[in-house]
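The lines below spell out each chain.
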Amino acid sequence: MINLMFKLSNFIGLGEQILITMIITAIACALLGCFLVLRKLSMVTDALSHSILLGIVIAYFVTKDLGSPFLIIGAGIFGVFTVYSIELVANTGLVKNDDAVGIIFPLYFSLGVILISMFASNVHLDTDIVLMGQTIMIPLYTTEFLGIVLPKSLLNMSIILLINVIFILLFYKELKVSTFDPQQATLSGFKSTFLFYCLMALSSFTAVSAFDTVGAILVISLFIAPSASAYLITKDLKYMLIVASLYATVNSIIGYYVAVALNVSISGMVAVISGLTCFLTVLFYENGVVTSLLRLRRNRRQLKLDLVIVHIGNHLGQESEQLELGFDSIANHLSWKQERSSKTLKRLIKENYIVAEQVKKIFILTEKGQERYDLLKTQYGL
Amino acid sequence: MEIMDLMYLFNLFTASKIIDIGSFQLAFLSLDMDILSSYVFMVVCAGTMILAAAAGAIGTISVLKGQSLIGDAIGHSAYPGVVIAFMIGMALDPLKLFIGAIISGAIAFALIQLISRHSKLNLDATLAIILSSFFGLGMVLKSYIQGHEAFAHVSQGGLKNYIFGQAAYIKNADVYLILAVAIPSILIFIIFYKEFKVFIFDETYAKSIGIKSNFMYALMLVITMGLIATGLKVVGAILISSFLIVPAITAMQWAQQFNRVILIASLTGMFSAFLGTYISSIYPGMSTGPSIILVMSLIAFLSMLIGPRGILAKYFRRRKFINDKSNV
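The structure presented is a predicted model; accordingly, all values stated were derived computationally and were not measured.

A. Quick peek at the overall build of chain B. Within chain B, the regular secondary structure consists of 16 helices and zero strands. Burial status across chain B gives 49% buried among its 328 residues. Sequence separation of at least 24 residues holds for 73% of the intrachain contacts in chain B that already meet a minimum separation of 6.

What follows is the structure in structure tokens.
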């Protein structure tokens, strides 16, 4: 019977199974991450991913069963409870929202760590597993679904991805309105709070499911980094969701292969690559740091050229042209240093705006230069 | 059929034995004099208490400035610096690791500033990205060390302590380092006390009387980063930010004057450090960081509940108001 069963591992290598699971996890997180970034809730994922540890421990005490689906449900509900307690603390007005995050998650995380070390006192808590997950173990825990044997995390994450996609498709309009204009949402008559907790519940369940494969820290990265990059380069929520998924896929692929090549932690590497792609996006997107600098430089150069063109155009054909535009005297009249003016003049000649008139020994405008001069004059109303 | 573990982590539970909660409380109530008077405990306790006092005082600045989560991001981001310093020095010299932590924390802070100033990403998202990618880098480097034969002969078990902190491993050298950072930090704070006060509550006015806000930010940052880097070994990279945030929140529930807030923050920090270190000394399995933070957070929540402006006070005031009204 076993031989007749369709095994995923017969067709796809173990490594590729890890990669596919990573990609599906990354997309599931990135889709929700878009809404979290837009709602300025990024650090809530930090709180969520840390406090889930306590949720899992408590859920384990109740179920006493490691394979139980109630473990995921319990931990997911605890995640929602975390968000609720942050809101509760922030709403007392005694502390700011940021501080509420900063006080809730260390408490839950500490409790989680303490409970584990108390009830597993003869085994040292393996920090790598809590923080970085067990990515390499993904293909080892398999399960059967519709006659196909596949890694359990792959199945879990695919289901979560499906749920997330369905949620976003169903409530797209509501999510959009309540994200960008909460007042409008209230006026339109649907409860923003309800949607907020739906979103948080999904984020929590996604984080719990992802936790066991990728660990607490990468969960944050998967939620926020692709969505933040997509936020920078798109102006439409639809495209943002698509671009974020693309970023998530690319990050996972690059991270996976680099990690395998260097024989280092896969989830750690994906987090590094996600940060890197996001940073590169910040540098090079339309209004990015480097792009803005380049644009400034180009503008400054063009301004210098234009100044000289206007100067030549103004004096050309006048009595003073010999003095103002002469090869040796022009630098004085531009009031620039010799070096700077000769550099600018050389560039103007090279770009065919002006030519050196050898008879009168002055610079005159070419046809292209004259066009530019006329354009500048109309533009600035000279 | 294989066992369907949700997490490999929970294999740990099956091999574990359960500690009797009753005896835990008993030991907690009657402080064990043997532990209190032991040299190791005194060293550890001195270290954590001084650190907590300094962090509590300095933390009030960043909390009042509304930048509490930056400490969290820098704490996480200091970790790769520790690992790199270890890789270069091939040893767990506290000073070298401290310098590594400072450098990587500073790079992270510079990146946070760059991204949040020059893009439309808000601070929250920037912090989350920097925090996760830097910590990811730390884990990558750590896994690289573990698999590399060049590091096979060097003991690296201690690196783990920089994530959760383990006071049992605190040595005299660590305490000296804590002293060397905490005392100058507090001194700087005292010297610039007036400037800090104006800078925190009215930045515009501070500018108008000639206090350079860039300088004040830099000063605040240098002190905060120094404390975070020294605290890594005691509390760990993940939870060190609480040393800065939680005592300040507690203090703000009780006092409204800046100097009192600072004093209360320092004292609650010290008290939590003492109790937390004591608890973790009784149970060697319990990491120091989480134990201290547990005490700290409980005090904070209690303060929010019973403080003069707390939840209970508000409730009673409201009830009194309703009663008065119904009497009329």
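B. Structural view of the packing of helix α6 (residues 94–118) of chain B against helix α9 (residues 172–191) of chain B. Residues and elements named next belong to chain B. Axis separation between α6 and α9 bottoms out at 10 Å; the angle between their running directions is 45°. In terms of their interaxial angle, α6 and α9 are classed as oblique. Between α6 and α9, the residues in contact are Pro94, Leu95 and Phe98 and Ala173, Asp174 and Leu177, respectively. Within the contact of α6 with α9, the residues separate by chemical class into five nonpolar, no polar and one charged.

C. Inspection of the packing of helix α12 (residues 266–284) of chain A against helix α7 (residues 123–147) of chain B at higher detail. Where α12 of chain A meets α7 of chain B, the axes come as close as 7 Å, and the angle between the chain directions of the two elements is 140°. With respect to α7 of chain B, the axis of α12 of chain A lies oblique. Judged by the twist between their axes, the crossing of α12 of chain A over α7 of chain B is left-handed. Between α12 of chain A and α7 of chain B, the contacting residues are Gly268, Met269, Ala271, Val272, Ser274, Gly275 and Cys278 of chain A on the first element and Ile129, Ile130, Ser132, Ser133, Gly136, Leu137, Met139, Val140 and Ser143 of chain B on the second. Residues belonging to the contact of α12 of chain A with α7 of chain B are distributed by class as follows: nine nonpolar, seven polar and no charged.

D. Quick look at unusual backbone geometry. All names here are of chain A. For Asn263, which is not a glycine, the phi torsion comes out positive at approximately 60°. On the secondary structure map, Asn263 appears in the loop between α11 (237–262) and α12. Residue classification places Asn263 among the exposed positions, given that 11 C-beta atoms sit within 10 Å. Even without being a glycine, Asn352 presents a positive backbone phi close to 65°.

E. Region of interest: α7 of chain B. Given a rise of 1.5 Å per residue, 25 residues ought to cover 36 Å, and the 36 Å separating the end C-alpha atoms of α7 of chain B matches this to within 8%. Within α7 of chain B, 21 of the 25 residues are buried, leaving the element largely enclosed by the surrounding structure.

F. Structural detail: the pairing of strand β5 (residues 362–365) of chain A. All names here are of chain A. Across four bridges, the pairing between strand β4 (residues 354–357) and β5 is antiparallel. Residue Val355 lies in a different strand from β5, and its bridge partner there is Ile364. As consecutive antiparallel partners, β4 and β5 are separated by four residues, and within that stretch Lys361 has a phi angle of approximately 55°, a positive value.

G. Region of the structure containing helix α10 (residues 192–233) of chain A. All names here are of chain A. The first and last C-alpha atoms of α10 sit only 27 Å apart over 42 residues, clearly below the 62 Å expected at 1.5 Å per residue. The principal kink in α10, of about 115°, is found at Val214. Of all 42 residues in α10, 34 are buried; the element is thus mostly enclosed.

Parameters at a glance
- Residues numbered from 1 in each chain as written.
- Chains lettered and ligands numbered in written order.
- Predicted model: local features only at pLDDT ≥ 70, side-chain atom pairs only at ≥ 80, totals over all residues.
- Helix = DSSP H or I, 4+ residues; strand = E, 2+ residues; numbered from the N terminus.
- Buried ≥ 20, exposed ≤ 12 C-beta atoms within 10 Å, placed from the backbone.
- Contact = placed C-beta atoms within 7 Å.
- Axes fitted to C-alpha atoms, helices over the stretch in contact; angles between N-to-C directions.
- Parallel < 35°, antiparallel > 145°, perpendicular 65-115°, else oblique.
- Nonpolar A, V, L, I, M, F, W, Y, C, P; charged D, E, K, R; others polar.
- Left-handed = near helix turned anticlockwise from the far one by under 90°.
- Expected span 1.5 Å × (residues − 1).
- Pairing = 2+ DSSP bridges.
- Bend = angle between axes of the 7 residues up to and from the residue.

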